[in-house]
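# Chains, contacts and geometry: an overview
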Amino acid sequence: MVGDDGDAPRSRVPQRRLDALQAQVTDARGSRDRLNGLLEAVMSVGQELDLPQVLRGIVEAAVVLVDAEYGALGVVGDEERLAAFIPVGIGDQLRARIGALPAGHGLLGELIRHPRPLRLADLSEHAASSGFPEHHPPMRSFVGVPIRIRDEVFGNLYLTEKRGGTAFDAEDEGVLATLAVAAGVAIDNARLYEEVRLRERWLAANSDFTSALLSGSSEIKVLEGMMDRARSIISAEMCVFYQVEPSGELHGSLALGEGAEAHRGVVLPGSEGILADLVTARDGLITFTEVAADARVAVQSDVWTGFGPAVAVTVGTRDMLRGVLMLARRTGRPSFAAAEVAPLPGFAGQAALALELADRRRDTEEVSLLADRDRIARDLHDLAIQRLFATGMTLQSAQRFVEHPEASERLGRSIDDLDETIKIIRSTIFGLRDHEAQPGHPARLRVRAVRAVGEAAAVLGFAPALRMEGLIDTDVPSPVAEDVVAVLVEALSNVARHARAARADVTIAVADGTVVVTVSDDGVGVSAGGSRSGLRNLTERAEVRGGRLSVVPRPDGGGTRLEWRVPLGPPE
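Residues numbered from 1 in each chain as written. Predicted model: local features only at pLDDT ≥ 70, side-chain atom pairs only at ≥ 80, totals over all residues. Heavy atoms only, no water.

With that settled, the discussion passes to the environment of Arg163. Looking at the element boundaries, Arg163 is found in the loop between β5 (152–162) and α5 (170–214). Taking C-alpha positions, Arg163 is 6.3 Å from Glu69, a pair spaced 94 residues apart along the chain. Excluding its chain neighbours within four sequence positions, the residues that come into contact with Arg163 are Asp67, Ala68 and Glu69. (Helix = DSSP H or I, 4+ residues; strand = E, 2+ residues; numbered from the N terminus. Contact = heavy atoms within 4.5 Å.)

Across the sheet, five strands lie side by side as β2-β1-β5-β4-β3; this open sheet has antiparallel pairing. Looking along the sheet, the strands with just one partner apiece sit at the ends: β2 (82–88) and β3 (118–120). Sheet twist, expressed as the mean angle between neighbouring strand axes with direction ignored, is 15°. Bridge count for strand β4 (residues 142–149) against β5 is eight bridges, and the pairing is antiparallel. Bridge assignment links Val145 to a residue of β5, and that residue is Leu157. Those strands touched by helix α2 (residues 51–65) are β1 (68–76), β2 and β5, and its axis lies near 145° from that of β1. The strands touched by helix α4 (residues 106–113) within the sheet are β1, β2, β3, β4 and β5, with β5 carrying the most contacts at an inclination of about 140°. (Pairing = 2+ DSSP bridges. Axes fitted to C-alpha atoms, helices over the stretch in contact; angles between N-to-C directions.)

Under the defined criterion, the tally for this structure stands at four aromatic pairs. Three or more aromatic residues joined by ring pairs make a cluster, and in this case those are Phe85, Phe142 and Tyr158. Against the face of Phe307 rests Arg330, its NZ or CZ located 4.2 Å from the ring centre. (Phe/Tyr/Trp six-rings, centres within 6.5 Å; stacked < 30°, edge-to-face > 60°. Lys NZ or Arg CZ within 6 Å of the ring centre and 35° of its normal.)

Attention shifts here to the packing of helix α11 (residues 445–460) against helix α13 (residues 478–499). At a minimum axis distance of 10 Å, the contact between α11 and α13 shows a crossing angle of 15°. In terms of axis orientation, α11 runs roughly parallel to α13. Crossing hand, α11 versus α13: right-handed. Facing Leu445, Arg448, Ala449, Ala452, Val453, Ala456, Val459 and Leu460 of α11, the residues of α13 in contact are Ala481, Glu482, Val484, Val485, Leu488, Val489, Leu492, Val495 and Ala496. Residue composition of the contact of α11 with α13, by class: 15 nonpolar, no polar and two charged. (Parallel < 35°, antiparallel > 145°, perpendicular 65-115°, else oblique. Left-handed = near helix turned anticlockwise from the far one by under 90°. Nonpolar A, V, L, I, M, F, W, Y, C, P; charged D, E, K, R; others polar.)

Before going further, it helps to spend a moment on α4. Of all eight residues making up α4, seven are buried, and the element is well covered by its neighbours. Within the span of α4, buried status applies to Gly106, Leu107, Leu108, Gly109, Glu110, Leu111 and Ile112. Buried residues along α4 sit in contact with β1, β2, β3, β4 and β5. (Buried < 20%, exposed > 50% of the residue type's maximum accessible area, 1.4 Å probe, protein only.)

As a further point, take the side chain of Lys162. By the element assignment, Lys162 lies in strand β5. Among the polar contacts listed, one links the side chain of Lys162 to the backbone oxygen of Val66, at a separation of 2.9 Å. Within polar-contact distance, the side chain of Lys162 engages the side chain of Asp172 at 3.2 Å. (Polar contact = N/O pair within 3.5 Å; in protein donor to acceptor, adjacent residues only side chain to side chain.)

So, in structure tokens, the structure goes:
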């Protein structure tokens, strides 16, 4: 018994050694399991190429590896602020109650300012800690590591609340540091893949629009298609094309997306606004963080309410600037990355090509039209007028042989009608041949009216129909002709700004000593509380010349009919 009792202490020694060995084996197994988990995490994040999925996968792997309750990945943007924040462990409902995601202040900003691992047993005790917003879950333990891509800090991994109430240890920090290295490689691959896909989409868009241009599509349709494609490629909610006016101002002529109507017809200064910066910027491209608050668009900042990040690019060259293309995202969305907007100058060059080809096509059509006019005028002069004149002379010579008074009177009226017909044809011939104004004299009214309607097409987005009747160039005095052109410009401008129309018809008619300008559209009509300043100007122009202006709904329903009617004095 004594011997047995004496052997008891010696039997406990091997047992303690066995327990220690068992603990070492357990630790080894734990380390092996963690190593296997780390390898699996590295392989899983490296297999994905979609960047948002890669980022979320990194956070989810990190939470599992260090047994944390909450995790997040913050992407570092401009001015040491977070451009994106991907949380894990907080549900959508709780996230909505918490409110806006972090911007990079407090403890999160500490890792942005000092990109090195940080481990805390109680994060509230750190000097940079600024507390939590309302409804935020309590968090104590914390570990954070930076994610680097080559020499660039892409973002940071943040882990909090290690399960079991313990603090994160050095091994947790080491595991996260290893995962961050693999994450940097995966993110770099995903970004390169996205850039390649983005470049392919831009190239495909350029190819499609080149085909559209060569097929003879109208420049308005081509531009609208290009704008819609650009908006889709870089995920923007708004796209506006501003046309450069001869005065240097920018005039919003085309707009697509959310709130597009507010941008059509908007005028921005050229010398002190966006255009001044664009012509001196590299590649003719500038970006905005908050477009609505930017001084360069402050003159019309109200139309940008609700929009944040934006990018603007010139369309054309410095010597031949055609316009400015702007794309914008809603407030709260990430800014445009350099890789996203880098192809924009080349894309804008395609837009400039569309406008240039449209000009050349119009010039060719105009030359053909002028040649046809010359031929028609020549035929009218050489054939129609000569035959009418000969018929009139024959009737005049035959009139003296007619003895019946009534027949003689009718014959005289017919001769007068022939004379009037000859005058009308001669006026038409003169209008057909009067392509350009003589030096020192204004262009004829027909030519100016055609130009005014053509220029309005760029703002309206479609070409209005134009019809001219009577001796417009000969019977309308020069001062009244000036008013007619002004009425056309103002009326079509009103249609562009307010009507939201898809069609407009313009008529200029001269008859019975009166000139009548009619502009009708199929738009929404004139609102009772709308601005009347433009109509007041037209009314005053009519009343000064003893005429009147009427603006009424179209008889067939839908749209507005404007009629400006004034009597004619003696032609000057």
